[in-house]
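Topology and contacts: notes
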Amino acid sequence: MSALHQQHVDCPYCGESIEVLIDESEAGQQYIEDCQVCCRPILFHVAVSMDGELSVTVHDENETF
């Protein structure tokens with residue numbers, strides 16, 4: 001069973017801090033979730049480091065990285 005982790009991220013559009021639940025089983029994947037404030041699509045990238053730390057980065061849908 002995978003665990004959900006509460007995470008705060010800043011929307012790349014409106015800058016508001018939003019709370020999201022991240023499923024660590026999605027590590028290494030990307031998905032889109034709408035901002036709870038401005039409703040614009042945020043691209044989430046979930047990773048787990050070598051020491052098991054969950055890392056979440058967010059980008060606007062048109063940003064290349």
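All values reported here derive from a predicted model rather than from experimental measurement.

A short note on the overall build of the protein
Summing up its helical and strand segments, the protein has zero helices and five strands in all. Listing the helices and strands of the protein from first to last along the sequence gives β-β-β-β-β. The C-alpha atoms of the protein give a radius of gyration of 12 Å, which matches the 11 Å a tight globule of 65 residues would have. Dimensions of the protein, computed from the C-alpha atoms along their principal axes, are close to 30 × 25 × 15 Å. Counting every position in the protein, which comprises 65 residues, the buried fraction comes to 25%. A fraction of 23% describes how many contacts in the protein between residues 6 or more apart in sequence connect residues 24 or more apart.

With respect to the environment of Asp 51
Of note, Asp 51 is situated in the loop between β4 (41–48) and β5 (54–60). Given the relative accessible area of 64%, Asp 51 is considered exposed. Through-space distance from the C-alpha of Asp 51 to that of Ala 3 is 17 Å; in sequence the pair is 48 residues apart. Here the side chain of Asp 51 touches Ser 49 through a polar contact of 2.3 Å, side chain to side chain. Looking at Asp 51, its side chain comes within polar contact range of the main-chain nitrogen of Glu 53, at 3.4 Å.

Examining the sheet that holds β4
Read across the open sheet, the three strands follow the order β3-β4-β5; overall the sheet is antiparallel. Single-partner strands in this sheet number two, and they are β3 (29–34) and β5. Across this sheet, the average inter-strand angle for adjacent strands is 30°, counted without regard to direction. As paired strands, β4 and β5 are joined by seven bridges and run antiparallel to one another. Note on β5: the bridge partner recorded for Phe 44 is Val 58.

Digging into the packing of aromatic side chains
Enumeration according to the criterion identifies one aromatic pair in this entry. Plain terms: the ring middles of Tyr 31 and Phe 44 are 5.2 Å apart, the flat faces sit at 5° to each other, and that makes the pair stacked. Within this pair, whereas Tyr 31 is found in strand β3, its partner Phe 44 is found in strand β4, the two being separated by 13 residues in sequence. By the burial criterion, Tyr 31 is buried, and Phe 44 matches it.

What counts, and at which threshold
Residues numbered from 1 in each chain as written. Predicted model: local features only at pLDDT ≥ 70, side-chain atom pairs only at ≥ 80, totals over all residues. Heavy atoms only, no water. Helix = DSSP H or I, 4+ residues; strand = E, 2+ residues; numbered from the N terminus. Rg over C-alpha atoms; globule rule 2.2 N^0.38 Å. Buried < 20%, exposed > 50% of the residue type's maximum accessible area, 1.4 Å probe, protein only. Contact = heavy atoms within 4.5 Å. Polar contact = N/O pair within 3.5 Å; in protein donor to acceptor, adjacent residues only side chain to side chain. Pairing = 2+ DSSP bridges. Axes fitted to C-alpha atoms, helices over the stretch in contact; angles between N-to-C directions. Phe/Tyr/Trp six-rings, centres within 6.5 Å; stacked < 30°, edge-to-face > 60°.

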